Amino acid sequence: MSTLLDFALLPIFMAEDGSGFHGPTLDHEFAPPAIFFAGTMFEMNRILLVRMIAVAILALVMVLYAKRAKLVPGRAQSMVESLIDFSRVQIGHEILGEDHAKKYQPLLLTLFVGILFMNLTGVIPGLQIAGTSLIGMPLIYALFAYVGFVVAGLRERGLKFFKEQVMPPGVPKPLYLLMIPLETLSTFVLRPIILTMRLLSNMVAGHFVLVLCFVGTHYLYLEMSGVMGIGLGTVTLLVGTVFVVFELFVGALQAYIFAMLAAAYISLSISDH
């Protein structure tokens, strides 16, 4: 039980007079004070530090995998290869087909494992916030997928790619007056925004639930006396534990969905309509 409480390592949200319980807020959770280089262009807060740790761990895992790969894989190598194979088969082959999957595998794998590692920092004790729970990181991944979509279309279809995206074949010509602005808005403006908001909203919601459960447990056990405090604290502790497992699932699922959508967009860009 103490280990699960230590997972939070979060302050109790108190009222201004030092009493009572206040739930987590956007400002407190997602605008933390600077840790290093405050007041400079290199200012770094907790979320930036978590992102750098996630990138460093991912880079270390991939470098060690590349240098120590064996014909008969061990447990660690098998785990890395499982991620790579999942991206290659379940995302690349399933959506793009075997002919195109190999060409775009680096992009899809980068999106999948990058988002996965960023998402999972939200349930790691001591880090406990997803690197994708602030808009900057989801936006970068969305723009990366968007650029891949446009470049793939230009490589495969040439400049007619733009025409094919906004002028679907088989539509009566008068309707193009309506279709062209709608398709332009949907394909070239809203697509990266939707990718960004889908990932961001899921990770923000999950973080709030975890913080509320574990800070509530801390408050109920230590600040609220009596059987009721212990009973309610136990309930929030159990709910928080369940949501830790659920957040692991959501983090992996969102990485998969994001990479899958990127593959679907690339498939649309290279298809002969």
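Caption draft 1: Examining the overall build of the chain more closely. What the chain contains, in helices and strands, is 9 helices and 2 strands. Overall, the chain shows an N-to-C arrangement of helices and strands of α-α-β-β-α-α-α-α-α-α-α. Taken along its principal axes, the extent of the C-alpha atoms in the chain is 75 × 55 × 40 Å. Relative to its 273 residues, the chain shows a buried fraction of 38%. Of the contacts formed within the chain by residues at least 6 apart in sequence, a portion of 67% connects residues at least 24 apart. Looking at the chain as shown, the accessible area adds up to about 15100 Å², and 71% of this sits on carbon and sulfur atoms. Charge centroids of the chain, computed over 16 positive and 17 negative side chains, lie 15 Å from each other.

Caption draft 2: Structural view of the packing of aromatic side chains. The full count for this structure, using the stated rule, is 13 aromatic pairs. Judged by centre distance (6.1 Å) and plane angle (90°), the ring pair of Phe161 and Phe188 falls under edge-to-face. Here Phe161 is found in helix α7 (residues 160-166), whereas its partner Phe188 is found in helix α8 (residues 176-222), with 27 residues between them in sequence. The residues Phe161 and Phe188 share a single accessibility class, namely buried.

Caption draft 3: Inspection of the side chain of Gln105 at higher detail. Mapped onto the fold, Gln105 is located in helix α5 (residues 98-120). Among all residues touching Gln105, those that are not within four sequence positions of it are Ile84, Ser87 and Arg88.

Caption draft 4: Fine view of the pattern of salt bridges. On inspection of all chains with the given rule, the structure shows 3 salt bridges. Glu156 is the partner of Lys103 in a salt bridge, and the nearest nitrogen-oxygen pair spans 2.8 Å. Here Lys103 is found in helix α5, whereas its partner Glu156 is found in helix α6 (residues 136-157), with 53 residues between them in sequence. The class of Lys103 is partly exposed, set by a relative accessible area of 40%. Owing to a relative accessible area of 29%, Glu156 belongs among the partly exposed residues under this scheme.

How each quantity is defined
- Residues numbered from 1 in each chain as written.
- Predicted model: local features only at pLDDT ≥ 70, side-chain atom pairs only at ≥ 80, totals over all residues.
- Heavy atoms only, no water.
- Helix = DSSP H or I, 4+ residues; strand = E, 2+ residues; numbered from the N terminus.
- Buried < 20%, exposed > 50% of the residue type's maximum accessible area, 1.4 Å probe, protein only.
- Contact = heavy atoms within 4.5 Å.
- Areas by Shrake-Rupley, 256 points an atom, 1.4 Å probe, with all protein chains shown as cover.
- Lys, Arg positive; Asp, Glu negative; His and termini not counted.
- Charge placed at Lys NZ, Arg CZ, Asp CG, Glu CD.
- Phe/Tyr/Trp six-rings, centres within 6.5 Å; stacked < 30°, edge-to-face > 60°.
- Salt bridge = Lys/Arg side-chain N within 4 Å of Asp/Glu carboxyl O.

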